[in-house]
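# Residue-level structural notes
So you can see what is in the structure, the chains are spelled out below.
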Amino acid sequence: MKKLLLTLLLAGASIISFAQSKGKISGSLFDEKKQALPFASVLLLKAQDSTLVKGGVSDIEGKFLFEQFVSGNEAQHQYIISVSMVGYKKYYSPKIIISNENPEVNLANIQLELDTKNLKEVTVTAKKPFVEQQADKMVVNVEGSIVANGNTALEVLQKSPGVTVDNNDNISVKGKQGVLILMDGKPTYMSQSDLANQLKNMNSDQIEKIEIISNPSSRYDAAGKAVINIVTKKNKNYGTNGSISVGGSASLPPYLKTGLNKDLTKVELLKPGIMPKFTTSLNLNNRQGKFNTFANLTFSDNQRFNNNAFEREIGGQTFEQYAYRYQSNQNFSYKLGTDYYATKKTTLGVLITGNVGAWESSNPNRNITYMKRVGAATPDSSLVTTSSNLRTWTNTTFNANLKHTFDSTGKEITADIDYSIYNNQGMERGMISRFYKYVDKVETEYGTPLNITSNTPNIYNIFAVKSDYVHPLAKAKAKLEFGVKSSWVKSDNDIRFYQNGQVDKGRTNHFIYTENINAAYANFSKELSKKFNLQAGLRMEHTHSEGKSVTLNESRKRDYVKLFPSVFLTQTINKDNQLTYSYSRRIDRPGYNSLNPFIYFLDPYTYQLGNEYLMPQYTNSFELTHSFKQAFVTSVGYSITNDYMAEVIKNAVNVPEVLEKLKKYNNIQGIDPEKITFATTENIARFENININFSVPIPVTKWWNSQNNISVYYNKFTGQVSDQNLNVGQWAYNFYTSQSIKLPKDLSAEISMWYNSPNVYGIMQGKAQYAVNAGLQKSLWNKKATLRLNINDIFLTSFWRGQTDFAGVKMLLNNRWDSRMVRLSFSYKFGNQNVKAARGRSTATESEQRRAGGN
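Residues numbered from 1 in each chain as written. Predicted model: local features only at pLDDT ≥ 70, side-chain atom pairs only at ≥ 80, totals over all residues. Heavy atoms only, no water.

## A word on the overall build of the chain
Let me state the cut-off plainly: The way it works is that DSSP assigns letters per residue, a run of H or I at least four long becomes a helix, a run of E at least two long becomes a strand, and they are numbered from the N terminus. Contact definition: two residues touch when any of their heavy atoms are within 4.5 Å. Surface exposure here means Shrake-Rupley accessible area, sampled with a 1.4 Å probe, where a residue is shielded only by the protein chains that are shown.
A count of helices and strands for the chain gives five helices and 51 strands. Sequence-distant contacts in the chain: of pairs separated by 6 or more residues, those separated by 24 or more amount to 68%. In the form shown here, the chain has an accessible surface area of approximately 38,400 Å², with 55% of it arising from carbon and sulfur atoms.

## Some remarks on the nonpolar core
Worth spelling out the cut-off: Nonpolar core, defined: a set of buried Ala, Val, Leu, Ile, Met, Phe, Trp, Tyr and Cys residues in which side-chain atoms within 4.5 Å join the residues together. Three exposure classes are used, based on accessible area relative to the maximum for each residue type with a 1.4 Å probe and protein chains only: buried under 20%, partly exposed in between, and exposed over 50%.
Counting 25 residues, the largest nonpolar core has F601, Y607, L662 and F678 as the members making the most contacts within it. Secondary structure elements with two or more residues in this core: β29 (412–439), β30 (442–473), β31 (478–499), β37 (599–603), β38 (606–609) and α4 (656–665). With near-sequence residues (within four places) excluded, F678 lies in contact with Y607, L609, V648, I649, K650, N651, A652, V655 and V658.

## Things to note about the packing of aromatic side chains
As a reminder, the rule being used: Aromatic pairs are defined between Phe, Tyr and Trp rings, using the six-membered ring for Trp, whenever the two ring centres lie within 6.5 Å; interplanar angles under 30 degrees are classed as stacked, those over 60 as edge-to-face, and all others as tilted.
Overall, the coordinates contain 20 aromatic pairs when judged by the stated rule. Measuring from centroid to centroid gives 6.1 Å for F64 and F66, while their planes differ by 55 degrees, and the two rings are tilted. Accessibility expressed as a relative area gives 3% for F64, which makes it buried. Exposure remark for F66: the relative accessible area of 0% places this residue in the buried category. Centre to centre, the rings of W781 and Y828 are 6.0 Å apart; their planes meet at 70 degrees, and the pair counts as edge-to-face. Placement of the pair is W781 in the loop between β47 (769–780) and β48 (785–792) and Y828 in strand β51 (residues 821–831), with a sequence separation of 47 residues. Of the residues examined, W781 reaches a relative accessible area of 56% and is grouped as exposed. Residue classification places Y828 among the partly exposed residues on the basis of a relative accessible area of 27%. One aromatic cluster is present, built from ring pairs that chain together Y733, F735, Y755 and Y770.

## A few points about the pattern of salt bridges
One side chain can pair with another of opposite charge once the charged atoms of both are near each other. Rules: By definition, a salt bridge exists where a carboxyl oxygen of Asp or Glu is found within 4 Å of a side-chain nitrogen of Lys or Arg.
The final tally for this structure, using the stated rule, is 16 salt bridges. In this structure, D221 and R539 form a salt bridge, with 3.1 Å as the shortest nitrogen-oxygen distance. Here the residue D221 occupies a position in the loop between β17 (207–213) and β18 (226–232), and R539 occupies one in strand β34 (residues 532–549), the gap between them amounting to 318 residues. Both residues of the pair, D221 and R539, count as buried.

## A few points about the environment of Q769
Assignment of secondary structure puts Q769 in strand β47. Between the C-alpha atoms of Q769 and S798, which are 29 residues apart in sequence, the distance is 5.6 Å.

## Overview of the pairing of strand β42 (residues 704–721)
We apply this condition: What makes two strands pair is DSSP finding at least two bridges between them.
Here strand β41 (residues 677–701) runs beside β42; their pairing, made up of 16 bridges, is antiparallel. Among the inter-strand pairings, P697 is bridged to a residue of β42, identified as Q707. In textbook terms, the turn of a hairpin is the stretch between consecutive antiparallel strands, and for β41 and β42 this stretch comprises two residues. In this sheet, strand β43 (residues 724–743) lies alongside β42 in antiparallel orientation, the contact comprising 18 bridges. Bridging from a neighbouring strand, K716 pairs with G729 of β43. Taking the residues that link successive antiparallel strands as the turn, the β42-β43 hairpin has two residues, and the phi of S722 there is positive, at about 50 degrees.

## Details of the pairing of strand β28 (residues 389–405)
Bridge count for strand β25 (residues 346–361) against β28 is 15 bridges, and the pairing is antiparallel. If you follow G349 over to β28, its bridge partner there is N401. Where β28 and β29 come together, 17 bridges link them in antiparallel fashion. Bridge assignment links W393 to a residue of β29, and that residue is N424. Counting the residues between successive antiparallel strands, the hairpin from β28 to β29 contains six residues, one of them, G410, with a positive phi of roughly 105 degrees.

## Re a nonpolar patch on the surface
What counts, and what does not: Here, patches come from residues exposed beyond 30% relative accessible area and free of salt bridges, joined within 9 Å for like charges and within 5 Å for nonpolar side chains (Val, Leu, Ile, Met, Phe, Trp, Tyr).
Side chains of L336, I352, F398, I417, Y419, I421, F463 and W488 sit close together on the surface and give an oily, nonpolar patch of about 640 Å² of accessible area. When residues in the nonpolar patch are grouped by element, the largest group, three residues, is from β29.

## Notes on the environment of Q720
What counts here: We call two N or O atoms a polar contact when they sit within 3.5 Å, provided that within protein one can donate a hydrogen and the other can accept it, with sequence-adjacent residues counted only if both atoms are side-chain atoms.
Mapped onto the fold, Q720 is located in strand β42. Filtering out sequence-adjacent residues up to four positions away, Q720 remains in contact with I684, N725 and L726. Within the structure, the side chain of Q720 is placed 3.2 Å from the side chain of N725, a separation counted as a polar contact.

## A closer look at the side chain of S300
Here S300 is to be found in strand β23 (residues 291–314). Residue S300 is classed as buried on the basis of its relative accessible area of 6%. When neighbours within four sequence positions are excluded, S300 is seen to be in contact with F278, T279, N329, Q330 and N331.

## Details of unusual backbone geometry
In this structure, D440 takes a positive phi of about 55 degrees despite not being glycine. Along the chain, the position of D440 falls in the loop between β29 and β30. Its relative accessible area of 73% is what places D440 among the exposed residues. Residues other than glycine seldom take positive phi values, yet K441 does so here, at roughly 65 degrees.

## Describing the environment of K530
With respect to the helices, strands and loops of the structure, K530 is situated in the loop between β33 (509–527) and β34. Considering only alpha carbons, one finds K530 and I573, 43 residues apart in sequence, at a separation of 9.8 Å.

## Some words on the confidence of the model for the chain
Here is the rule: Across the chain, each position has a pLDDT score giving the predictor's confidence in that residue, from 0 to 100.
Considering every residue of the chain, the mean pLDDT works out to 82; 86% of them sit at 70 or more. Scored below 50 in pLDDT, residues 1–21 makes 24 contacts in the model with residues more than four places away or belonging to other chains. In this model residues 119–126 is a low-confidence stretch, pLDDT under 50, and it forms 13 contacts with partners more than four residues away in sequence or in other chains.

Written out as structure tokens, the structure reads:
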């Protein structure tokens, strides 16, 4: 806390503006071994009364510099230098005289003496809460959380306040879907399904924190109604250090519905096994001199299940379907990089990140569909489909970056070049469908079994360059920011289907998508008065894209330029209360595959259809945020989205052009095309969202901290679906609470709960969903090792249920997965993990901002 207060003091002192015309004092600091001493606090004081003139921090080479600090017309000025560093005795220089004859002074090398009385290892014992509400964003501190340990990134998001994840892995923030996911500040550019797969295979051990920004500024890409930035770990300690962790978990699964019994009267139940999971990770860091090199490696081997049960009515017939999928997956993730501090002002870096993995059906997936007349007790026919899937991925991103600080005022430029290759391959090794009839409850197979195999690649090549420039205007108490960015995306997916060994031309599909987005933005921020601060920005994005179905010989080009303004006004009422008023305009572009006009085969009665006419949706968001003591935060927001994109479910018999396509390309023996249901994405409506959010941290006692977040929102959809008017709205809420408790003997516990109330998205209504989680942590070996035990979804309540009854489509859905798991993990830190006297914990990039005379 003392270091934090000192840093804030230095930062405040350095921006004090007064007439400065001359004066220069420089020097170098060394430790007891005569090695350079970086990150020491250096103060320039007036000799007569020790008032602060300027403050700063020594750079990576132990050097410091003060210049242009003399004011007034006196013949000479007297100063002293004060140097302090944890573990060393405080140093005061002799008087330093600056005059017209002697305007510059270069001090002799300053060597600090060890403070042997207080030279004890300083360990960081303060623990951040799992959730921190800041003025412009919510921060989920994954690192160090007991209940988040061992979870996937998608599971951590599900636990985050204000965030919901539905059964299709769609992510919402404060009731708003269409969220931009960033990895370390960079867009992923992947399709929804590929992104969900990556988040499912990303372990929480790789994540430092997650930033949730409900109303982003113009500096961010305009895509998405909100921004979620997943920040991965990067060791900041000096010297050689690292950590290793290993963990395992097992499921405590429920009984699952898998089909009807032989009497066709009751649903059979199956209880899966324990679904074991294993994860291990290694983090290494070496920071010496001008280089900081790091490596993060993670391997996981998981077994999972997913069970669906849904019922739909169409044409006087009921379809009752049960699907059980058992999967085994392995994933290896890596992050390798180095930063080179070329000069005191310039940092260069290179980074390679990626993951390699596969998942497959350990046992054949099983899907049973029973057909019966509406109101009948037993079915008259059924369809049994078994399948064996294999999916592999090899994703790699190369990054080169530059940061240059021009002077001590904070003027800087940054640049990034990225090239990414996403190679995801899917293979259906045998989807076999058999047809049955029932006469007096006797099952008889009829017709020829349908055997479908397929290769479904998803290959993306992405190149992006961007640069940002910051120009402070100290005298005007303002700052200008400019930036440019260009990205190029190409997706070339040649999907091949085979029916009974022969190429199935009706399902084989080759789709090529290219997209180029060029963007530029400007932000201006200014302190209008002691109580008001303004930030205004404007972003322009030019989008050129083309989607081409080689199979259907259809293509569609798009070329448009749009502007995206943002305004933030902060009002400081008093020392405890602050208000922020904000507005921004955002865009959501269709997913790559959503624009493919081809019909995707899911099973003989279920299809998915692309929409080449799908347009982007635009959102205008307004938000008012109140902060009390920088801890209790309340916000009220309103957003309106035009041309809202939503997935809709339709009966083929009600869409003549789709029914014609099905008869032409997907005419399967024994399947009536008029009984087929398909899903597609359309611009269906105008979407309005009102949200109210509360963040309430409560320090109950010295050993018990409570973090509570509540989001209340109202979603309303108005438009047309299948030529019928849509006008639905519903209030909903979710809340998150976490109780962190310190126990004796280096033990700590954490109990958390999240709850999502019933809600509505387009034509789909979701039921309530919640989970209770608990964990216990023990620190070992002078806090170098940690043992954690936790259990997720103790009461088996984290499953998804929904229904729709609109435009002739009536459907009930139920989805379960292995949400209840017990995890045990062990981690060990080695090397320099503590704040030592001669070493700081900040990166050199951060030190560039705090050099002597800096801001």
